[in-house]
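Descriptive structure summary
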Amino acid sequence: MSGAALVAVAAALGNLLQGWDNATIAGAVLYIKKEFNLESEPTVEGLIVAMSLIGATIITTFSGHVSDLIGRRPLLIISSVLYFLSGLVMLWSPNVYVLLLGRLLDGFGVGLAVTLVPIYISETAPTEIRGLLNTLPQFMGSGGMFLSYCMVFRMSLSPSPSWRLMLGVLFIPSLLYVLLTIFFMPESPRWLVSKGRMIEAKLVLQRLRGREDVSGEMALLVEGLGVGGETSIEEYIIGPGNEIADDPELIDDKESIKLYGTEEGLSWVARPVAGQSSLGVGSRHGSMASQLMDPLVTLFGSIHEKLPNTGSMQSMLFPNFGSMFSMAEHHGKNEQWDEESVDRDGEDYASEGAGGDSDENLRSPLLSRQTSMEKDMAPPSHGSIFSMRHHSSLMQGNAGESVGSMGIGGGWQLAWKWTEREGDDGTKEGGFKRIYLHEEGVPPSRRGSLVSLPGVEGGPVEGEYIQAAALVSQPALYSKELMQQHPVGPAMVHPSETAKKGISLADLLEPGVKHALIVGIGLQILQQFSGINGVLYYTPQILKQAGVEVLLANIGLSSDSASILISTVTTLLMLPCIAIAMRLMDISGRRRLLLVTIPVLIVSLVILVIANVVNMSSVLHAVFSTICVVVYFCCFVAAFGPIPNILCSEIFPTRVRGICIAICALVFWIGDIIVTYTLPVMLNSIGLAGVFGIYAVVCCISWIFVYLKVPETKGMPLEVITEFFSVGAKQAAKND
């Protein structure tokens with residue numbers, strides 16, 4: 001965990017530089033206006049501030065697609081270099097035009113960092129603390145603002161403050177970012193897998209997780225390469241695979257199936273449960289709001305209502321049955337992702353990309369098992385799946401011992417099952433199905449035998465059995481063309497073959513991806529038009545117009561210094577609020593934090609409107625305005641600030657994650673430009689009351705959108721989240 005956390009901190013330094021820039025321009029613009037006589041030209045003033053946003057918008061249009069092609073790390077290196085160069089240019093700036101160039105370069109760096117840092121952290125973070133680590137960019141951004149405001153406030157006390165020095169100091173922390181991106185930060189393991197660079201991905205995962213065995217997560221990353229597909233929700237009673245060798249009734253059971261785990265020799269016996277799984281059955285109460293709620297929200301909600309231990313770092317599929325997840329019997333040192341694993345018979349299944357390069361000779365986890373099946377047996381007949389040679393021989397482990405490498409995070413487990421169907425010519429064809437499993441909330445008193453669980457008939461069967469929900473779909477590396485050449489088993493091709501296909505328009509039009517884009521784009525639009533970035537850029541001026549200098553007039557501070565000092569204190573108060581949000585992100589969840597904090601934003605904005613409409617003393621007006629602005633900032637950075645980016649980094653499939661997040665980021669920057677560029681004009685025309693009134697209305701709309709459309713994603717692997725989006729989107733389409 002410490003490896004992933006350190007890498008996340010290093011990546012989030014790009015957001016610290018963004019926060020640093022936001023605060024310095026907010027303070028420096030007070031002095032830029034005086035030097036270049038911009039008091040009567042608010043459009044030029046707005047352009048200086050918005051030029052960074054224009055640069056971010058330009059580079060965001062292609063950053064996602066480029067990151068899918070060349071990787072996340074190279075673009076983060078470019079971002080750090082752009083930060084460094086922009087600091088030097090702004091330090092020199094002899095006129096407005098050079099200043100605008102420096103702001104443009106800075107915007108390029110900001111755009112790359114804001115787009116790619118959430119992707120990078122999500123793709124490297126463990127499932128159980130992904131929300132916490134992905135809140136780091138918000139924490140680092142606010143920390144950068146605080147440090148910058150401290151610097152600007154100190155400079156504002158000098159007889160002739162230098163705005164060039166305020167802006168140019170950016171090159172010092174950006175130099176540290178350059179060094180970290182080049183020499184410390186690894187490439188995203190998910191991106192490496194998507195390009196077939198399996199050995200590199202395994203080494204990165206071992207470093208990030210601090211353990212040798214990462215086979216379960218490696219298999220998960222391969223399965224995450226698919227986009228869309230038909231997924232069904234099923235329910236199983238699952239027991240140890242070695243039970244089949246001892247119980248003739250299970251062998252003869254025509255309904256029982258065998259599930260294969262991510263390790264060679266790791267398997268379970270399972271029996272489908274009749275009826276609908278409780279997974280996906282949400283708690284609707286018949287209210288109008290419930291009827292309007294997106295089925296996707298209900299589907300995700302049922303996971304957290306029905307399934308125990310979701311989001312816990314210690315949760316596993318079978319938390320009480322350590323023997324079931326103990327290490328399987330190995331035939332020598334079984335490293336499925338190593339080069340040695342391809343030195344076997346049955347090379348009929350070799351991928352077209354196989355060659356001398358060790359990366360190109362690697363296969364998916366099922367390939368060695370599948371080729372052994374072809375070698376050792378004829379195609380299995382219906383009901384005889386348990387005759388396969390590789391039935392599990394699980395070793396007994398210590399009671400309660402958990403083997404973290406076996407799970408894929410958040411209590412989920414990846415498995416496969418063999419299925420058969422009869423072809424047009426009467427022959428039977430076989431293939432694997434991918435399954436994401438999670439234990440359902442069955443009371444402990446009902447565990448222990450199949451007969452004690454609902455939907456299961458027959459006599460008692462002793463052993464360790466649990467009831468699990470299952471998402472069943474086609475494996476990502478299933479090739480229909482190669483299946484025709486090899487009738488036994490699926491053709492599990494090398495991930496690089498999938499990567500060669502690239503991204504097509506059909507991938508973006510897949511129902512789950514479209515649904516995720518609606519959620520992501522909607523959140524980004526509403527976040528920006530709630531006004532946060534405009535308020536942040538112009539906090540000193542807003543507080544000055546609110547009369548905040550009255551509060552500090554007695555200590556001899558100028559109005560400019562007083563407003564900067566209040567901004568400094570405000571950003572300092574943000575930090576503990578974000579720290580609390582980091583703790584709650586994986587406990588309470590993203591959705592609940594939004595639903596709780598947005599009403600506080602609305603109340604603070606309404607009070608600000610009232611304070612600026614009702615006649616009151618200048619001191620009382622300043623007190624109300626300052627308190628409400630501080631409350632607004634603190635609540636915003638705790639939830640509505642980081643969560644849209646967190647969700648956007650979680651809800652898209654690996655193959656299209658870069659381009660989809662770039663689309664959401666483009667919407668983010670366009671909204672940011674509109675809000676930032678128009679705020680000075682709005683302040684002059686409708687005043688603070690009108691501005692905050694508009695923001696309050698947008699926040700009301702935001703709460704409704706979150707309640708009806710935004711699902712809870714805490715404690716779920718990224719690949720499982722995208723699977724649920726696909727299922728939920730198709731369910732919503734059927735209901736329409």
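This is a predicted model, so every value here is computed, not measured.

Along the backbone of the protein chain there are 29 helices and six strands. The buried share among the 736 residues of the protein chain stands at 61%. Excluding contacts between residues fewer than 6 apart, the proportion of contacts in the protein chain whose partners are at least 24 apart in sequence is 81%. Summing over all exposed atoms, the protein chain offers an accessible surface of approximately 27,100 Å²; the carbon and sulfur share of this is 61%.

Let's shift gears to a nonpolar patch on the surface. A cluster of nonpolar side chains, contributed by V600, V619, V623, I627 and V631, occupies part of the molecular surface with about 340 Å² of accessible area. No other element matches helix α25 (residues 618-640), which puts four residues into the nonpolar patch. Note that V631 resides in helix α25.

Once that is clear, we can look at the confidence of the model for the protein chain. Of the residues in the protein chain, 69% reach a pLDDT of 70 or more, and the chain-wide mean stands at 74. The element-level mean pLDDT for the protein chain is lowest in helix α15 (residues 365-376), coming to 40, with helix α3 (residues 72-92) highest at 95. Residue range residues 281-285 is modelled with pLDDT below 50. Its contacts to residues more than four positions away, or to other chains, number 13 contacts.

Let us now look at the packing of helix α19 (residues 511-529) against helix α27 (residues 654-685). The relative placement of two packed helices comes down to the angle between their axes together with the axis-to-axis distance. Closest axis-to-axis distance for the α19/α27 pair is 9 Å, and the angle between their directions is 25°. Classified by the interaxial angle, the pair formed by α19 and α27 is roughly parallel. Judged by the sense of rotation from one axis to the other, the crossing of α19 with α27 is right-handed. Residues V513, L517, G520, I521, Q524, I525, Q527, Q528 and F529 of α19 pack against V656, C660, I663, C664, V667, F668, G671, D672, I674 and V675 of α27. Residues that form the contact of α19 with α27 fall into these classes: 13 nonpolar, five polar and one charged.

A few words on the pairing of strand β1 (residues 232-240). Sheet topology places β1 next to strand β6 (residues 466-473); seven bridges connect them, and they run antiparallel. Residue S232 lies in a different strand from β6, and its bridge partner there is V472. Examined bridge by bridge, β1 and strand β3 (residues 267-272) share five bridges and lie antiparallel to one another. The residue bridging P240 from the neighbouring strand is W268, located in β3.

To continue, consider the packing of aromatic side chains. Taken as a whole and judged by the stated rule, the model has twelve aromatic pairs. Ring geometry for F84 against F171: centres 6.1 Å apart, planes inclined by 70°, an arrangement best described as edge-to-face. Placement of F84 in helix α3 and of F171 in helix α8 (residues 171-183) is noted, with a sequence separation of 87 residues between them. Members of the aromatic cluster, each reached through a chain of ring pairs, are F300, W412, F724 and F725. Here the guanidinium or amino end of R207 rests over the ring plane of F184, the centre of that ring lying 5.1 Å away.

This part takes up the state of the cysteines. Applying the stated criterion to the full structure yields zero disulfides. Unpaired in terms of disulfides, C648 finds its nearest cysteine sulfur in C664, a separation of 3.8 Å. In this structure C648 comes out as buried when scored by relative accessible area, which is 2%.

Before going further, it helps to spend a moment on the nonpolar core. Judged by nonpolar contacts, the single largest core of 163 residues is most densely connected at I32, F652 and F724. In terms of residues, this core owes the most to one element, helix α1 (residues 2-36), which gives 18 residues.

Conventions adopted
- Residues numbered from 1 in each chain as written.
- Predicted model: local features only at pLDDT ≥ 70, side-chain atom pairs only at ≥ 80, totals over all residues.
- Heavy atoms only, no water.
- Helix = DSSP H or I, 4+ residues; strand = E, 2+ residues; numbered from the N terminus.
- Buried < 20%, exposed > 50% of the residue type's maximum accessible area, 1.4 Å probe, protein only.
- Contact = heavy atoms within 4.5 Å.
- Areas by Shrake-Rupley, 256 points an atom, 1.4 Å probe, with all protein chains shown as cover.
- Patch = residues over 30% accessible without salt bridge, like charges linked within 9 Å, V, L, I, M, F, W, Y side chains within 5 Å.
- Salt bridge = Lys/Arg side-chain N within 4 Å of Asp/Glu carboxyl O.
- pLDDT = per-residue confidence, 0-100.
- Axes fitted to C-alpha atoms, helices over the stretch in contact; angles between N-to-C directions.
- Parallel < 35°, antiparallel > 145°, perpendicular 65-115°, else oblique.
- Left-handed = near helix turned anticlockwise from the far one by under 90°.
- Nonpolar A, V, L, I, M, F, W, Y, C, P; charged D, E, K, R; others polar.
- Pairing = 2+ DSSP bridges.
- Phe/Tyr/Trp six-rings, centres within 6.5 Å; stacked < 30°, edge-to-face > 60°.
- Lys NZ or Arg CZ within 6 Å of the ring centre and 35° of its normal.
- Disulfide = S-S within 2.5 Å.
- Core = buried A, V, L, I, M, F, W, Y, C linked by side-chain atoms within 4.5 Å.

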